[in-house]
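# Residue-level structure breakdown
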Amino acid sequence: MTVIESTPVPVRRPRPAARSEGAPADGVCAAAPPAHPRPDGRDRYTISEVAAWTGLTAHTLRWYERIGLMPHVDRSHTGQRRFTNRDLDWLVFVGKLRLTGMPVAAMVRYAELVRAGASTVDERRELLETTRQDVLARIDELTGALAVLDHKIGVYGARQPAPDPAP
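None of the values given here were measured: they were computed from a predicted structure.

For the rest of this paragraph, the subject is the packing of aromatic side chains. Under the counting rule described, the total for this entry stands at 4 aromatic pairs. Ring centres of F93 and Y110 lie 5.5 Å apart, and the angle between their planes is 45 degrees; on these two criteria the pair is classed as tilted. Taken together, the residues span a long stretch of sequence, with F93 in helix α4 (residues 85-100) and Y110 in helix α5 (residues 104-116) at a distance of 17 residues.

Structural data, given as structure tokens:
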């Protein structure tokens, strides 16, 4: 029996982070990652525990590792994957990248750059800045679509219902 089966871990929603120097003041800012299910130093999770905490399937987690999106995951003496809080932080970040619409190949490239070390900071920043511009363009498109919906809802709300036909 795994710990997750006997002690369910509640899903916690991220709390908004305080605005930092240079962060945009328009409400578009990073949120703090959700709290880990366990404190640092006691962070040895099975794949089923990580799947339950992240909402990803075990198949997806294995695929992430196979394509190089996940850093090397330690194994137990029996060969079972053992994830850490650092792995959970990475998966939260990857989830945010997925929400941006970043292609998997670009996410894998980013992961490779992270593993390559500090000499790749400029390339990582450039990749994230490009993705940010794509997200802002999508926000503009969605804002326009929302305006059309709001207009139509207003039109329908202002219409008087047609009288029922006489029997």
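Examined against the element boundaries, D87 turns out to sit in helix α4. Of the side chains with opposite charge, R44 lies nearest to the buried D87, which makes no salt bridge, at 6.6 Å. In contact with D87, other than residues within four places in its own chain, are M70, P71 and R82.

In this section: the pattern of salt bridges. Going through the model one piece at a time under the given rule, you end up with 7 salt bridges. The partner of R125 in a salt bridge is D122, and the shortest N-O contact between them spans 3.1 Å. Separated by 3 residues within a single helix, R125 and D122 lie in helix α6 (residues 121-158), roughly one turn from each other. Classification of D122 as exposed rests on a relative accessible area of 51%. Residue E129 pairs with R125 through a salt bridge whose shortest N-O separation is 3.4 Å. With a gap of 4 residues between them, E129 and R125 both fall in helix α6, about one helical turn apart.

Let us look at the side chain of E65. Within the element layout of this structure, E65 appears in helix α3 (residues 58-67). The class of E65 is buried, set by a relative accessible area of 18%. Residue contacts for E65: discarding those within four places in its chain leaves M70, V73, R75 and R81.

Their axes nearest at 11 Å, the elements helix α2 (residues 47-54) and α4 cross at an angle of 40 degrees. Between α2 and α4, the angle falls in the class oblique. Crossing of α2 against α4: the hand is right-handed. In this structure, α2 uses V50, W53 and T54 to contact α4, whose residues at the interface are L88, L91 and V92. By residue class, the composition of the contact of α2 with α4 is 5 nonpolar, 1 polar and no charged.

Looking now at α3. For α3, the complete set of buried residues consists of L61, Y64 and E65. The buried residues of α3 all sit within an arc of 95 degrees when viewed along its axis, so they share a single face. Exposed positions of α3 whose direction lies more than 90 degrees from the buried face are H59 and R66. Looking at the buried side of α3, the elements it contacts are α2, β1 (74-75), β2 (81-82) and α4.

About the cut-offs
Residues numbered from 1 in each chain as written. Predicted model: local features only at pLDDT ≥ 70, side-chain atom pairs only at ≥ 80, totals over all residues. Heavy atoms only, no water. Phe/Tyr/Trp six-rings, centres within 6.5 Å; stacked < 30°, edge-to-face > 60°. Helix = DSSP H or I, 4+ residues; strand = E, 2+ residues; numbered from the N terminus. Buried < 20%, exposed > 50% of the residue type's maximum accessible area, 1.4 Å probe, protein only. Lys, Arg positive; Asp, Glu negative; His and termini not counted. Salt bridge = Lys/Arg side-chain N within 4 Å of Asp/Glu carboxyl O. Contact = heavy atoms within 4.5 Å. Axes fitted to C-alpha atoms, helices over the stretch in contact; angles between N-to-C directions. Parallel < 35°, antiparallel > 145°, perpendicular 65-115°, else oblique. Left-handed = near helix turned anticlockwise from the far one by under 90°. Nonpolar A, V, L, I, M, F, W, Y, C, P; charged D, E, K, R; others polar. Arc of directions from axis to C-beta.

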